[in-house]
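Listed below, chain by chain, are the residues.
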Amino acid sequence: MVARIIPVEPFDLVIFGGTGDLARRKILPGLYRRLADGQMPPEARVIGAARSEMDDEGFRKLTRESLEEFMPASALDKERVEEFLSLLSYVQVDAKGDGGWAELKEHIRPDVVHAFYFSVAPSLFGPIAERLKDHGIADDNARIVVEKPFGHDLASAKALNQSLACHFDETQIYRIDHYLGKETVQNLMAVRFGNMLFEPLWNSQYVDHIQITVAETVGVGGRGEYYDRSGAMRDMVQNHLLQLLCLIAMEPPSRYDPDAVRDEKLKVIRALEPVRPDDLVRGQYREGPDGPSYLEDVGDPRSRTECFIAMRMSVSNWRWAGTPFYIRTGKRLKARASEIAIVFKDAPHSIFDVPQGRHSNVLTIRLQPNEGMQMTVTIKEPGPGGMRLIDVPLDMSFAEALGEQAADIPDAYERLIMDVIRGNQTLFMRGDEVEAAWAWTDPVIADWEARGHVPSPYEQGSSGPDDALMLLHRDGRRWREIRP
Ligand SMILES: NC(=O)C1=CN([C@@H]2O[C@H](COP(=O)(O)OP(=O)(O)OC[C@H]3O[C@@H](n4cnc5c(N)ncnc54)[C@H](OP(=O)(O)O)[C@@H]3O)[C@@H](O)[C@H]2O)C=CC1
Ligand SMILES: O=C1O[C@H](COP(=O)(O)O)[C@@H](O)[C@H](O)[C@H]1O
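From a predicted model like this one, the values you see are computed outputs, not experimental measurements.

**Examining the packing of helix α1 (residues 21–36) against helix α13 (residues 412–422)**
- At their nearest, the axes of α1 and α13 sit 8 Å apart, and the two run at 65 degrees to each other. Taken as axis vectors, α1 and α13 run roughly perpendicular relative to one another. For the crossing formed where α1 meets α13, the hand is right-handed. For the pair formed by α1 and α13, the contact residues are Leu22, Lys26, Ile27, Gly30, Leu31, Arg33 and Arg34 on the first element and Tyr413, Glu414, Ile417 and Met418 on the second.
- Its residues placed into classes, the contact of α1 with α13 shows six nonpolar, one polar and four charged.

**Let's talk about the site of ligand 2**
- As a structural note, the neighbourhood of ligand 2 is formed by Lys148, His178, Tyr179, Lys182, Glu216, Arg223, Asp235, Met236, His240, Lys331, Arg336 and Gln368.
- Here an oxygen atom of ligand 2 and a side-chain polar atom of Lys182 are 2.7 Å apart.
- Contact distances for ligand 2 include 2.9 Å between an oxygen atom and a side-chain N or O atom of Arg223.
- Here ligand 2 has 390 Å² of accessible area as a free molecule, and 81% of this is covered by the chains.
- Element by element, the count of residues in the shell around ligand 2 is highest for helix α8 (residues 224–249), at three residues.
- Residues belonging to the shell around ligand 2 are distributed by class as follows: two nonpolar, three polar and seven charged.

**Things to note about the sheet that holds strand β14 (residues 389–397)**
- As summarised here, the arrangement of the nine strands in space is β14-β13-β12-β11-β7-β10-β9-β8-β15, forming an open sheet in which the pairing is mixed. At either margin of the open sheet sits one strand with a lone partner, and together these are β14 and β15 (456–458). For this sheet, the mean angle separating the axes of adjacent strands, direction not counted, is 20 degrees.
- Pairing between strand β7 (residues 207–215) and strand β11 (residues 337–344): eight bridges, direction antiparallel. Paired with Ile210 across the bridge in β11 is Ile342.

**Considering the environment of Gln284**
- Within the element layout of this structure, Gln284 appears in strand β8 (residues 280–285).
- Separated by 170 residues in sequence, Gln284 and Val454 have C-alpha atoms that sit 9.4 Å apart.
- Once residues within four sequence positions are removed from consideration, Gln284 is found in contact with Tyr294, Leu295, Ser303, Arg304, Thr305, Cys307, Pro455, Ser456, Pro457 and Tyr458.

**Concerning α13**
- With ten of eleven residues buried, α13 is to be regarded as a mostly interior element.
- Buried within α13 we find Ala412, Tyr413, Glu414, Arg415, Leu416, Ile417, Met418, Asp419, Val420 and Ile421.
- Where α13 begins, the capping side chain belongs to Asp411, and its oxygen is found 3.0 Å from the backbone nitrogen of Tyr413.
- Just downstream of α13, Gly423 is the residue with a positive phi angle, here 75 degrees.

**A word on the UniProt feature "binding site: substrate" (unreviewed entry) in the protein chain**
- The sites that UniProt annotates as "binding site: substrate" (unreviewed entry) are His178, Lys182, Glu216, Asp235 and Lys331.
- As for its placement among the helices and strands, Asp235 is situated in helix α8.
- In contact with Asp235, not counting residues within four places along its chain, are Lys148, Arg223, Tyr226, Tyr227, Ser230, His240 and Lys331.

**With respect to the sheet that holds strand β3 (residues 88–92)**
- Reading across the sheet, the six strands line up as β3-β2-β1-β4-β5-β6 and stay open at both edges, with parallel pairing between neighbours. Of all the strands in the sheet, just β3 and β6 (173–175) have a single pairing partner and so form its edges. On average, each strand axis in the sheet is tilted by 20 degrees relative to the strand beside it, whichever way the strands run.
- Examined bridge by bridge, strand β1 (residues 11–16) and strand β2 (residues 45–50) share five bridges and lie parallel to one another. Bridge pairing in β2 links Asp12 to Arg45.
- Sheet contacts for helix α5 (residues 125–134): β1, β4 (113–118) and β5 (143–146); angle to β4, the most-contacted strand, approximately 155 degrees.

**Some words on the packing of aromatic side chains**
- Scanning all chains against the criterion turns up 13 aromatic pairs.
- Here the aromatic rings of Tyr227 and Tyr294 are separated by 6.2 Å at their centres, their planes lie at 70 degrees, and the arrangement is edge-to-face. Taken as a pair, Tyr227 in helix α8 and Tyr294 in helix α10 (residues 294–298) lie far apart in primary sequence, 67 residues in all. As far as burial versus exposure is concerned, Tyr227 and Tyr294 are alike and both buried.
- Aromatic pair Tyr285 and Tyr458: ring centres 6.4 Å apart, planes at 80 degrees, arrangement edge-to-face. Taken together, the positions of Tyr285 in strand β8 and Tyr458 in strand β15 put the pair 173 residues apart, joining distant regions of the chain.
- Looking at Tyr285, the relative accessible area reads 2%, which means it is buried.
- The structure contains a cluster of three or more aromatic residues connected by ring pairs, namely Tyr227, Tyr285, Tyr294, Phe308 and Tyr458.
- One cation-aromatic arrangement involves Lys133 over Phe168; the distance from NZ or CZ to the ring centre is 4.9 Å.
- The positively charged end of Lys182 is found above the aromatic ring belonging to Tyr179, 4.6 Å away from the centroid.

Scoring rules and cut-offs
Residues numbered from 1 in each chain as written. Chains lettered and ligands numbered in written order. Predicted model: local features only at pLDDT ≥ 70, side-chain atom pairs only at ≥ 80, totals over all residues. Heavy atoms only, no water. Axes fitted to C-alpha atoms, helices over the stretch in contact; angles between N-to-C directions. Helix = DSSP H or I, 4+ residues; strand = E, 2+ residues; numbered from the N terminus. Parallel < 35°, antiparallel > 145°, perpendicular 65-115°, else oblique. Left-handed = near helix turned anticlockwise from the far one by under 90°. Contact = heavy atoms within 4.5 Å. Nonpolar A, V, L, I, M, F, W, Y, C, P; charged D, E, K, R; others polar. Near = heavy atom within 4 Å. Polar contact = N/O pair within 3.5 Å; in protein donor to acceptor, adjacent residues only side chain to side chain. Areas by Shrake-Rupley, 256 points an atom, 1.4 Å probe, with all protein chains shown as cover. Pairing = 2+ DSSP bridges. Buried < 20%, exposed > 50% of the residue type's maximum accessible area, 1.4 Å probe, protein only. UniProt positions renumbered as here; feature names shortened; annotations may be inferred. Phe/Tyr/Trp six-rings, centres within 6.5 Å; stacked < 30°, edge-to-face > 60°. Lys NZ or Arg CZ within 6 Å of the ring centre and 35° of its normal.

Shown next as structure tokens:
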């Protein structure tokens, strides 16, 4: 079974920061894949824009090198690469100056979709938005795509929202959270709202607790300076993990459309309780065989920034009162594994001779790697040994279930860029959502800063600090194994 690819309308996509790391690693390779798949029409044009002096040929060379560096050779077809490169051009533009804008305007064609990707530091979002409007480059139908981090706290997020709102309507602003572009994240909605099976059980009467794990094996690498100013709470929780939590916890939207979905997510964020100090664990990795310690990586032996965080969270509404959400994310952990586990309660009365507290029904949604879903159920152990029970997985690995179609799952970025061209904001964060997320995040950070909290050290290749294990142990529960 092969997915039907529907080409998007012809477009002009300007990538501000077209020479930067994100453009080279994700955006340009993603666009190439969409062209190779036949989704990007031959009339599309991609215009790189940055301060570096470069001509069209220079940008094509940089793009060719990026494709070769960040994509497997098997994914590159010589003819398709040439075709893709022929769609590219470059304009030298200073986001804070006047140079280049008139030339950029000449590149923008009438009667095609206009999209402007701000793949630059957030401090440039306002200046670029202003110049796009002042120079008459972006009209009321144009779309702008802004990257994370969207603010450092509530005040800066509000300021960013305001600076964009001066020039663009909310319907034109696409705030990227690349987790929303992941295939299984969207599948979460398909499973919840496309089946009758789960929804009646999807509440605190039947769900014991929920675990969200986003474990990484990488350290902070070359991003130490940015990372140490952010930490796992701002870098991962405020956006990606909260979005996952929202998709699990939200009420069924009336339609699958941008505002219906985002209204429901917003209600969840607003229903989040503040996190109590006892319900929070922060950590930093020690020096290990795979590399230096976090403190060495960021070059500050006194840093108190966390690169691991685990929390017990509560959503205060009728559906979820009494069902805790345990979330954790961290760097240099034992495996790269992201999953959501819905752990159901035990049957109210066991007619078999088995202990309570087994929590044998678990729905696991595996985000990466090996995307798929699994449901564990209790069955009778086969054989003549009497009524002995075992828990077995009902496995739905996408690779096995969907075959060739699963191999073609687009990367989150390429899917989201195509959604921008289609004008579909469902998988992008609305301004009020981002602000609500910061409004919940800020006091949690302020509280640990006021207490002078010091992150606990943990071994590289472990599951994080031991305190994180205690977070569940003391509730009579345990984390699921972090498995590749
Ligand atoms: N890299 C990543 O993996 C991720 C990045 N992001 C976000 O994406 C954005 C870009 O990140 P990244 O690519 O890593 O950053 P880089 O520093 O690698 O690239 C920045 C880009 O901006 C351009 N630029 C800088 N100043 C100006 C200016 N005054 N006018 C015009 N262009 C300018 C640079 O080119 P030049 O110097 O030639 O002007 C360069 O192309 C950031 O907001 C980042 O937080 C988000 C998630 C992941
Ligand atoms: O946004 C970010 O995400 C990555 C993890 O993304 P994934 O798609 O590889 O799971 C994380 O490493 C980075 O610190 C953060 O800024």
